[in-house]
Amino acid sequence: MPDAVRRRLPTPTVVQHQVAAIFVELEARWPGGVDLLRVDTVAALTGWAEVEVRMVPESAVDAGCSVTGAYLYDDGHPVIAIAESASPGRRAFTGDHELGHHLQQTTDHLIDGLLRPDV
């Protein structure tokens, strides 16, 4: 990996801080949500009013690679799209991953954590 690229990548400490901040934000916005996600991510997300979960054909999220989900806005509402064809474990991972995008894109201090000069 070229040094110029390596310098732009977040350090493990920055990533750990961001992940911890995401968990704190999630618990503040959705008390008990972390525990629900541990049991059944897709069901938990489906029951949370802040986002809409859509199970979609893989072709709806596949851009010629192994994409199994997407975070998007549809008519101003946040949507987590998850490929139906993915395994249950992959659907859970994808739901959690896209939830991270949602929290980072809708929370000022989490956005700032990504934009820090040392990232």
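As the structure is a computational prediction, the values presented were derived from the model and not from experiment.

Quick notes on the rules
Residues numbered from 1 in each chain as written. Predicted model: local features only at pLDDT ≥ 70, side-chain atom pairs only at ≥ 80, totals over all residues. Heavy atoms only, no water. Helix = DSSP H or I, 4+ residues; strand = E, 2+ residues; numbered from the N terminus. Buried < 20%, exposed > 50% of the residue type's maximum accessible area, 1.4 Å probe, protein only. Contact = heavy atoms within 4.5 Å. Areas by Shrake-Rupley, 256 points an atom, 1.4 Å probe, with all protein chains shown as cover. Core = buried A, V, L, I, M, F, W, Y, C linked by side-chain atoms within 4.5 Å. Phe/Tyr/Trp six-rings, centres within 6.5 Å; stacked < 30°, edge-to-face > 60°. Axes fitted to C-alpha atoms, helices over the stretch in contact; angles between N-to-C directions. Parallel < 35°, antiparallel > 145°, perpendicular 65-115°, else oblique. Salt bridge = Lys/Arg side-chain N within 4 Å of Asp/Glu carboxyl O. Pairing = 2+ DSSP bridges.

J.: Let's hear about the overall build of the chain: which residues, and what values?
T.: Helix and strand counts for the chain stand at seven helices and three strands. The order of α-helices and β-strands along the chain, N terminus first, is α-α-α-α-β-α-β-β-α-α. Put simply, the chain has 119 residues, and 35% of those count as buried. Sequence separation of at least 24 residues holds for 56% of the intrachain contacts in the chain that already meet a minimum separation of 6. When the accessible area of the chain is evaluated, it comes to approximately 7300 Å², of which 59% is carbon and sulfur surface.

J.: Help me get a handle on the nonpolar core, residues and values and all.
T.: Residues L26, L45, W48 and L99 are the most contacted members of the largest nonpolar core, which totals 18 residues. For this core, the secondary-structure elements that each account for two or more residues are α2 (12-29), α3 (33-39), α4 (41-46), β3 (77-83) and α6 (88-105). Filtering out sequence-adjacent residues up to four positions away, L26 remains in contact with P31, V34, L37, W48, L99 and L103.

J.: Can you lay out the packing of aromatic side chains for me, pointing to particular residues and giving the numbers?
T.: Counted under the stated rule, the structure contains two aromatic pairs. Ring centres of W30 and W48 lie 4.5 Å apart, and the angle between their planes is 5 degrees; on these two criteria the pair is classed as stacked. One end of the pair, W30, is in the loop between α2 and α3; the other, W48, is in the loop between α4 and β1 (52-56), with 18 residues separating them in the sequence. Of the two residues examined, W30 and W48, each falls in the buried class.

J.: Kindly report on the packing of α2 against α6, identifying the contributing residues and their values.
T.: Running from N to C, α2 and α6 point in directions that differ by 80 degrees, and their axes come no closer than 10 Å. In terms of axis orientation, α2 runs roughly perpendicular to α6. On α6, the residues touching Q18, I22, E25, L26 and R29 of α2 are L99, H102, L103 and Q104.

J.: Which residues make up the side chain of T41, and what values do they have?
T.: Looking at the element boundaries, T41 is found in helix α4. For T41, a relative accessible area of 5% translates into the label buried. In contact with T41, not counting residues within four places along its chain, are A92, G95 and D96.

J.: Before we move on, could you go through the pattern of salt bridges and cite the residues and values that matter?
T.: Side chains that differ in sign of charge can pair as their charged atoms come close. As enumerated under the stated definition, the model contains five salt bridges in all. Salt-bridge contacts for E50 lead to R29; the nearest nitrogen and oxygen are separated by 2.2 Å. With a gap of 21 residues between them, E50 in the loop between α4 and β1 and R29 in helix α2 connect regions that are remote in the sequence. Given the relative accessible area of 28%, E50 is considered partly exposed. A single salt-bridge network, built from bridges that share partners, covers E25, R29 and E50.

J.: Give me the sheet that holds β1: which residues, what numbers.
T.: Strand order across the open sheet formed by three strands is β1-β3-β2, with mixed pairing between neighbours. Single-partner strands in this sheet number two, and they are β1 and β2 (69-74). Ignoring strand direction, the axes of neighbouring strands in this sheet form an average angle of 30 degrees. As judged from the five bridges shared by β1 and β3, these two strands associate in the parallel manner. What sits directly across from M55, in β3, is I82.

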